[in-house]
Amino acid sequence: MVLIFFSGSFSLLSLDSTRHSRRPVSASSEALLASSVPVQMCLAPYFEDAGYSPDSESQPTGGELPPIRMVSDPYPTFNGIALDPSDNRIAMSDENRKSVLVYDRVGGNKSATLTSPLSQIIGPQSQIGYIAGIMFDPAHREIYAVNNDLDDRIVVFDDDARGDVKPKRRLYVPHQAWGLSLNPTTDQFAISVQQLSMVAFYRREASGLEAPLRILEGPDTGLADPHGIHWDVQHHELIVANHGNSSVIASYSAYDVGVSSKALSAGGHFLPPSLTIFEDNAKGNARPVRTIQGPHTHLNWPMGIDLDVQHDEIAVADNGDNSVVIFRRTDSGDAVPLRIIRGPRTGIASPMGVAIDVRNDEIWVANYGDHTAAVYSRTANGNMAPKRVIRNAPEGTPTGGFGNPYAVAYDSKRDQLLVPN
Amino acid sequence: MHGLAYDATHDEVVVPVALGAAVLTFRGGAHGEESPVRTIQGPNTHLVRPHTLAVDEKNGEIIVADTSSRSLLVFSRDADGDAPPVRIIAGPKTGLLFIVGVAVDPVHDRIVAASASSVRGGTTGLFIFNRTDQGDVAPRGIIAGPRTGIVRPWQLAIDPSLGNVFVAAINNENHPPYALEMPREDLAPDTDLPSPWNTGAPGFVGMWSIDDNGDVPPRGIIKGAGSYLVHPAGVAIDPKAGEVFVTDGVRNGLFTFLAPKLFSKESVSPEKAVEKSDRSHR
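Residues numbered from 1 in each chain as written. Chains lettered and ligands numbered in written order. Predicted model: local features only at pLDDT ≥ 70, side-chain atom pairs only at ≥ 80, totals over all residues.

1. Description of the overall build of chain B
Keep this limit in mind: Put simply, DSSP H or I for four residues or longer makes a helix, DSSP E for two residues or longer makes a strand, and each gets a number counted from the N terminus. The burial criterion counts other C-beta atoms lying within 10 Å of a residue's C-beta, which is placed from the backbone; the residue is buried at 20 or more, exposed at 12 or fewer, and partly exposed between these limits. Here, residues touch in the contact sense if the C-beta positions derived from the backbone fall within 7 Å of one another.
Of the regular secondary structure elements, chain B holds one helix and 21 strands. Counting across all 282 residues of chain B, residues that qualify as buried make up 58%. Sequence-distant contacts in chain B: of pairs separated by 6 or more residues, those separated by 24 or more amount to 54%.

2. Things to note about the overall build of chain A
What chain A contains, in helices and strands, is two helices and 31 strands. Out of the 421 residues in chain A, the part that is buried amounts to 56%. A sequence separation of at least 24 residues applies to 53% of the contacts in chain A between residues at least 6 apart.

3. Side note on the interface of chain A and chain B
For clarity, the cut-off: Residues were grouped as follows: Ala, Val, Leu, Ile, Met, Phe, Trp, Tyr, Cys and Pro as nonpolar; Asp, Glu, Lys and Arg as charged; and all remaining residues, including Gly, as polar. What makes two strands pair is DSSP finding at least two bridges between them.
The interface is formed by 87 residues belonging to chain A together with 97 residues belonging to chain B. Mapped by element, the contributors of at least two residues to the side of chain A that touches chain B are strand E2 (61-63), strand E3 (69-72), strand E15 (214-217), strand E18 (245-246), helix H2 (261-266), strand E19 (269-270), strand E30 (409-411) and strand E31 (416-420) of chain A. Tallied by class, the residues present in the side of chain A that touches chain B amount to 46 nonpolar, 30 polar and 11 charged. Where E3 of chain A meets strand E21 (residues 253-258) of chain B, four bridges bridge the pair, whose relative direction is antiparallel. Paired with Arg69 of chain A across the two strands is Thr256 of chain B, which belongs to E21 of chain B.

4. A short note on the confidence of the model for chain B
As a reminder of what qualifies: As a per-residue measure, pLDDT reflects the predictor's confidence and takes values from 0 up to 100.
The predicted model of chain B has a mean per-residue pLDDT of 92, with 93% of residues at 70 or higher. Across the interfaces of the predicted complex, the ipTM metric reaches 0.94, alongside a pTM of 0.91.

5. Some remarks on the sheet that holds strand E12 (residues 177-183) of chain A
All names here are of chain A. The following threshold applies: Interaxial angle, 0 to 180 degrees, is taken between N-to-C directions of lines fitted to C-alpha atoms, where a helix line uses only the stretch in contact.
Pairing in this open sheet of four strands is antiparallel, and the strands run E12-E13-E14-E15 from one edge to the other. Each edge of the open sheet carries a strand with a single partner, namely E12 and E15. Here the strands of the sheet are splayed against their neighbours by 20 degrees on average, with no regard to which way each runs. When strand E13 (residues 188-193) meets strand E14 (residues 198-203), the two strands line up antiparallel, connected through six bridges. Paired with Val193 across the two strands is Met198, which belongs to E14.

6. A look at the sheet that holds strand E5 (residues 89-94) of chain A
Residue and element names in this part refer to chain A. Spatially, the four strands line up as an open sheet ordered E4-E5-E6-E7, and their pairing is antiparallel. The sheet is open, and its two borders are formed by strand E4 (78-84) and strand E7 (119-122), each paired with just one other strand. Ignoring strand direction, the axes of neighbouring strands in this sheet form an average angle of 15 degrees. Sheet topology note: the E5/strand E6 (residues 99-104) ladder contains six bridges and is antiparallel. Note on E6: the bridge partner recorded for Asp94 is Ser99.

7. Notes on the nonpolar core
The following threshold applies: Put simply, a nonpolar core is a cluster of buried Ala, Val, Leu, Ile, Met, Phe, Trp, Tyr and Cys residues tied together by C-beta atoms within 7 Å.
One finds Leu72, Val102, Val165 and Val244 of chain B to be the most contacted residues of the largest nonpolar core, which totals 105 residues. The next biggest cluster of nonpolar side chains, apart from the first, holds 96 residues, and it includes Ile134, Trp301, Leu307 and Phe327 of chain A.

8. Overview of unusual backbone geometry
With a phi angle near 70 degrees, His298 of chain A is a residue other than glycine that sits in the positive phi range. Structurally, the position occupied by His298 of chain A is in the loop between strand E21 (290-293) and strand E22 (302-308). One non-glycine residue, Arg70 of chain B, adopts positive backbone phi at about 55 degrees. Turning to its location among the elements, Arg70 of chain B is positioned in the loop between strand E6 (61-66) and strand E7 (71-76).

9. Quick look at the environment of Asp187 of chain A
Residues and elements named next belong to chain A. Following the sequence through the fold, Asp187 ends up in the loop between E12 and E13. Its 12 C-beta neighbours within 10 Å are what place Asp187 among the exposed residues. Spatially, the C-alpha atoms of Asp187 and Ser246 are 31 Å apart, while their sequence positions differ by 59 residues.

10. Notes on the confidence of the model for chain A
With 85% of its residues at a pLDDT of 70 or more, chain A has an overall mean of 87. Per-residue pLDDT stays below 50 along residues 10-22 of chain A; that stretch engages in 35 contacts with residues further than four places along the chain or on separate chains.

11. So, the environment of Ile68 of chain A
Residues and elements named next belong to chain A. Turning to its location among the elements, Ile68 is positioned in the loop between E2 and E3. With 21 C-beta atoms packed within 10 Å, Ile68 lands in the buried category. Sequence separation of Ile68 and Ser265 is 197 residues, and the distance between their C-alpha atoms is 47 Å.

12. With respect to the environment of Glu313 of chain A
Residue and element names in this part refer to chain A. Mapped onto the secondary structure, Glu313 falls in strand E23 (residues 313-318). On a C-alpha basis, the gap between Glu313 and Ile356 in space is 9.6 Å, while along the polypeptide they are 43 residues apart. Discounting chain neighbours no more than four positions away, the residues touching Glu313 are Asp308, Ile326, Phe327, Arg328, Arg329 and Leu338.

Structure representation (structure tokens):
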């Protein structure tokens, strides 16, 4: 849970910024949104029918009012991250403008300016919405992205796709799927599902409404609001990062009537954040073979994870700690991390994704709290500056921080607006 | 997290945690990783998937809308731990199903819930109850139907001084492909569900009187391309400043509108609004 507080007069990309100014945001604000970044980075939703006739005396009060202030970030925000070292490419999911961005691995350098992507997939045909996890399939030259909230689908593209293109495959998945990981040996992939505290396994080429091959779910699994997931093909294990929110839900959509007594009597729990490691053929209510959990782990909203098989290490984007924590692959219990990359020089801010580049001895971090993806030496530790930075906005550009904002409250005492993600 | 409320009387922020089946209360000035001052959580709470909530500052209560238990759960404001609700509004007579918005009017003693239903015979709209109702009770009023323009409601806000209800009508299409762990059986394997890119009718923020009932158009509205709103989901108000605050999931942004007429008694009467609606439907 994140609450974002804005001063009642706060405005980002508004032409009016004072509390007492009542000038509407002019029509050129949209132009400002568009002109400040490449056009393809701006969401341009359809809006054909205002359905309102402003000249009727009996019209409802109000109408087509322009806002007097607005907070909206015209630039992408990086979320998931995936590396294709054989092609020297790095891809990031962008949940703000709803796109997939692919960059040259050595792009960006230390420039303060926006880094031009090699390609961007964006637009209504793409069906990319509020996306989180992303992965390359180098063998089949494909790129996957999973829609997390509302859209309930994985979209698969050729890895050279660009613009407003249809996915070559689309697989519907349970609500709040977040991470995904491929096993090329079994030709399957696994996804994490937040609200069901579940892992589901699919055929690699599954599409449409195809059901999962198996699911891993239940109180003995220790899964609790899972996010990052990694299939360790070499050791036949599955690593899952858990935030710790735990409950049993019943039907929740507008399409179902039933309420189960099991859900009504279960009650919720807050478990400590964890990494749970399973045998990769686990199913049902299977117990993990190892769990990394406890105050010494520094885990705090663990998001994306990656595995370095060569050095036997797990890296975790530790969102709540503004850090990247690295464990031994075989760690268990209240383990102390091998290394923690954290501090003001790192530039790490609310990291969502992490990727280890063994070939080039580097580690990547996608920052949600800044418009950056930063690269460090693989063995970086402590408060170290990045080697290179890819920017999706000019240096210093603030982030709105929104992730599908579906509510707002007004704090009349502080004249602030509260927006939850 | 799809709801929250600020309690000005006690200077507290109250939030639901859907995936932890909990309601947390924080200090109003809480910042960073600060612990809540109270936590409602546990099997006695009946919380399953608390979606949104409202605070009744006058009567010292928190009203929680739970999308999974299909209920409105009323807790004492200072409830803490595994506390049972003091009242529950739920059952077939209520008409409530997927409850995504709730607001309370302590002046007129009403609770308003925004509920969506796609099951046969179900109703999508605003369900108005007496504040102290409990059990399986019929609402005293339902605002629903084509004239309302509400296809899919979301967050609510109330101006108790005038008894006006503000509704974020998100109005996007949403047909979940899964029923929990497995694909829905009522969908064809080759089904083509709406794209996440702006589906359904354009959304709007509408205002109704708490005494409205039936298929009545809004008395006040903010909508249209000039508003920048596509699918507005969140709404809050500052009646003193005449401002309406709106979040929009497609825009991924927060918008402030200056609309003092929506906070005055000059807003259009329902009779005139119906005339307008009738003309536009001819």
